[in-house]
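# A look at the structure
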Amino acid sequence: MKTHFIAIGGSAMHNLAIALKDKGYLVTGSDDAIFEPSKSRLEKKGILPQEMGWFPEKITPDIDAVILGMHAHQDNPELARAKELGLKIYSYPEFLYEQSKNKTRVVIAGSHGKTTITSMILHVLNFHQKDVDFMVGAQLEGFDCMVKLTQDNDFMVLEGDEYLSSPIDLRSKFLLYQPNIALMSGIAWDHINVFKTFDDYIEQFRKFVASITPGGVLVFNEEDPEVVKVVENAENYFRKIPYKTPEYEISNGKVYLKTEMGDVPLSVFGAHNLLNLEGARHICQQLGIMDEDFYEAIMSFKGASKRLEKVEREDKGTLYKDFAHAPSKVKAAVKAFVEQFRNDKKYGFLELHTYSSLNPAFLEQYDHAMDGLDEAVVFYSEDALKIKRMEPISPEFIKEKFKNENLKVFTNAEDLHAYWNTLDKTNGVYLMMSSGNFGGLDLSQ
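Residues numbered from 1 in each chain as written. Predicted model: local features only at pLDDT ≥ 70, side-chain atom pairs only at ≥ 80, totals over all residues. Heavy atoms only, no water.

The protein goes by Peptidoglycan synthetase in an unreviewed UniProt entry, where it is assigned to Chryseobacterium indologenes.

Put into structure tokens, the structure is as follows:
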């Protein structure tokens, strides 16, 4: 089968391209910019485009499937050529469904926690050598590629994202999967550039629950009132399995899960991660993994990439980075950090650089998000606001919305880096929260 990727360099797209190449497909692709690690990984597989840009002549009648990434625009010349030739054009999630429609599909959804829960499930299955197809949005230890597609596996585990499917398919990605088994971890307004109101955002989760196949299973977080409302109001038939934060204790800096089989030591920390773990346990039960086997495997789970991930520093200082940028994620990460390092001086840095996080109307969602830290810092780039054609935001406005008068606010990278260089990283513990890189800050030194 011959496939062509329009915008092959994306984090999800390049993993799918590699998975299809491994499956024996003939894979080609284009993009106008490809960065690491996508570039090296595509090159290793022999599917890195020879030059950057869009080339309509690559779109030929013998292509069986064109896979369109979100990075491409509606007026993309390769897309126009594919339409002209009448080729089958898939969004990323649409193509994954085609690859898994004869399997049992397990979809992990939620505004936060879905990557970690999916990663936990895959870690446990991999530990016990239970082979499944999968797609997850973060690099996981022990896995070369974060998409796996086979002919023979019975299950496919999918991280279910509520963002748009493609430039020409404005449905939420997770609405295309039609899960047999689903999990919903939490609902907190996000992607406000697409979902203008909270109810519009919640509607995507109502539709997701409605898309569960008849007689399917939904594992859901009973501690989240918005999730509970969506589940209670669902009209389709499926089995409901609630979960909540399990009992645990912190002793000598180590987290222990309290279970019927005794205390289970963990390599992750934070109440939100324990909640995620409980959701993963219930999904694994549905896949035939007994609790005893789950606990045996989860002890060695060190976390998904950039989710409270410890950074090895040259000076041996204690620093964690987290992908947190949405308010609910920031609050969960800070709460976990404060609880774990009660006796240390705690520094927290947050970079605001997504459309939502820089929107004045949305900033009030961050109220008290940095509370509990000894030093709290917010960084955003005034240049980024100009590029996004957004109105200027003052540091005073940020402090007001965060409801934190002691907040330090930096608006250019040079000042942030100068402050960073004054800090003794061996004194205290550091939490760096961003889906960016703090204007090029090297966290390892």
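Resuming the write-up.
What follows concerns the overall build of the protein. From N to C terminus, the protein includes 13 helices and 22 strands. Against the compact-globule benchmark of 22 Å for 445 residues, the protein has a radius of gyration of 22 Å, which places it among compact chains. For the C-alpha atoms alone, the extent of the protein along its principal axes is close to 65 × 55 × 45 Å. Taken over 445 residues, the protein has a buried fraction of 55%. For the protein, the share of sequence-separated contacts (at least 6 apart) that also reach a separation of at least 24 residues comes to 67%. On the protein, roughly 19,900 Å² of surface is accessible, and the fraction owed to carbon and sulfur atoms is 46%. Charged side chains in the protein number 50 positive and 66 negative. The centres of these two groups are separated by 2 Å. (Helix = DSSP H or I, 4+ residues; strand = E, 2+ residues; numbered from the N terminus. Rg over C-alpha atoms; globule rule 2.2 N^0.38 Å. Buried < 20%, exposed > 50% of the residue type's maximum accessible area, 1.4 Å probe, protein only. Contact = heavy atoms within 4.5 Å. Areas by Shrake-Rupley, 256 points an atom, 1.4 Å probe, with all protein chains shown as cover. Lys, Arg positive; Asp, Glu negative; His and termini not counted. Charge placed at Lys NZ, Arg CZ, Asp CG, Glu CD.)

Take the UniProt feature "domain: Mur ligase N-terminal catalytic" (unreviewed entry) in the protein next. Taking the UniProt record as the reference, the feature "domain: Mur ligase N-terminal catalytic" (unreviewed entry) is found at residues 3-102. End C-alpha to end C-alpha, residues 3-102 measures 20 Å, and it is 38% helix and 16% strand. (UniProt positions renumbered as here; feature names shortened; annotations may be inferred.)

Here six strands make up an open sheet; going across it, the order is β17-β18-β22-β19-β20-β21 and the pairing mixed. Because the sheet does not close on itself, it has two edges, and the strands there are β17 (309-310) and β21 (408-410). Relative to strand β18 (residues 318-322), β17 runs antiparallel, the two being bridged by two bridges. Looking at β18, one finds that glutamate 309 is bridged to lysine 321. Contacts from helix α12 (residues 395-402) reach β19 (346-351), β20 (375-379) and β21, with the element oriented near 135° to β21. (Pairing = 2+ DSSP bridges. Axes fitted to C-alpha atoms, helices over the stretch in contact; angles between N-to-C directions.)

With that out of the way, let us pick up the UniProt feature "domain: Mur ligase central" (unreviewed entry) in the protein. According to UniProt, the feature "domain: Mur ligase central" (unreviewed entry) maps to residues 108-277 in the numbering used here. As a span, residues 108-277 carries 25% helix and 30% strand, and end to end its C-alpha atoms are 13 Å apart.

With that out of the way, let us pick up the nonpolar core. Ranked by internal contacts, the top residues of the largest apolar core, which has 122 residues, are Leu16, Leu96, Ile121, Leu352, Met370, Ile398 and Phe402. Beyond its immediate sequence surroundings of up to four residues, isoleucine 398 is in contact with Leu352, Leu363, Val378, Tyr380, Ile393, Leu407 and Val409. (Core = buried A, V, L, I, M, F, W, Y, C linked by side-chain atoms within 4.5 Å.)

All buried positions along α12 are accounted for by Ile398, Lys401 and Phe402. For α12, the buried positions fall inside an angular range of 95° around the axis, keeping them on one side. In this structure, α12 carries Glu396 and Glu400 as exposed residues pointing more than 90 degrees from its buried face. Looking one or two places after α12, you find lysine 403, whose phi comes out positive at around 50°. (Arc of directions from axis to C-beta.)

Right, let's get into helix α8 (residues 271-286). The terminal C-alpha atoms of α8, which comprises 16 residues, lie 23 Å apart, in line with the 22 Å expected from a rise of 1.5 Å per residue. Among the 16 residues that make up α8, 13 are buried, leaving the element largely enclosed by the rest of the structure. Positive phi appears at glycine 288, one or two residues downstream of α8, with a value of about 90°. (Expected span 1.5 Å × (residues − 1).)

With that settled, the discussion passes to the sheet that holds strand β15 (residues 254-259). Overall, antiparallel pairing links the three strands, which are arranged β14-β15-β16 in an open sheet. Taken across any chain shown, the strands that pair with only one partner, and hence form the sheet edges, are β14 (248-251) and β16 (262-266). Strand-to-strand twist of the sheet, defined as the mean angle between neighbouring strand axes without regard to direction, takes the value 30°. As paired elements, β14 and β15 share four bridges and run antiparallel to each other.

With that out of the way, let us pick up the pattern of salt bridges. Under the criterion given, the structure shown has 20 salt bridges. We note a salt bridge from aspartate 169 to arginine 171, for which the minimum N-O separation is 2.8 Å. The exposure class assigned to aspartate 169 is buried, which follows from its relative accessible area of 12%. A salt bridge links arginine 281 to glutamate 278; the nearest nitrogen and oxygen atoms lie 2.5 Å apart. (Salt bridge = Lys/Arg side-chain N within 4 Å of Asp/Glu carboxyl O.)

What follows is about the packing of aromatic side chains. The full count for this structure, using the stated rule, is 20 aromatic pairs. Aromatic pair phenylalanine 269 and phenylalanine 341: ring centres 5.7 Å apart, planes at 80°, arrangement edge-to-face. Separated by 72 residues along the polypeptide, phenylalanine 269 in the loop between β16 and α8 and phenylalanine 341 in the loop between α10 (327-340) and β19 bring together distant segments of the chain. The two residues phenylalanine 269 and phenylalanine 341 agree in class, both being buried. For the pair phenylalanine 349 and tryptophan 420, a centre-to-centre distance of 5.3 Å together with 85° between the ring planes defines the contact as edge-to-face. Here phenylalanine 349, found in strand β19, pairs with tryptophan 420, found in helix α13 (residues 413-422); they are 71 residues apart in sequence, far enough to count as distant. Owing to a relative accessible area of 2%, tryptophan 420 belongs among the buried residues under this scheme. Linked through ring pairs, Tyr347, Phe349, Phe410, Tyr419, Trp420 and Tyr430 together constitute an aromatic cluster. (Phe/Tyr/Trp six-rings, centres within 6.5 Å; stacked < 30°, edge-to-face > 60°.)

Secondary-structure assignment places glutamine 340 in helix α10. By relative accessible area, which is 12% here, glutamine 340 ends up buried.

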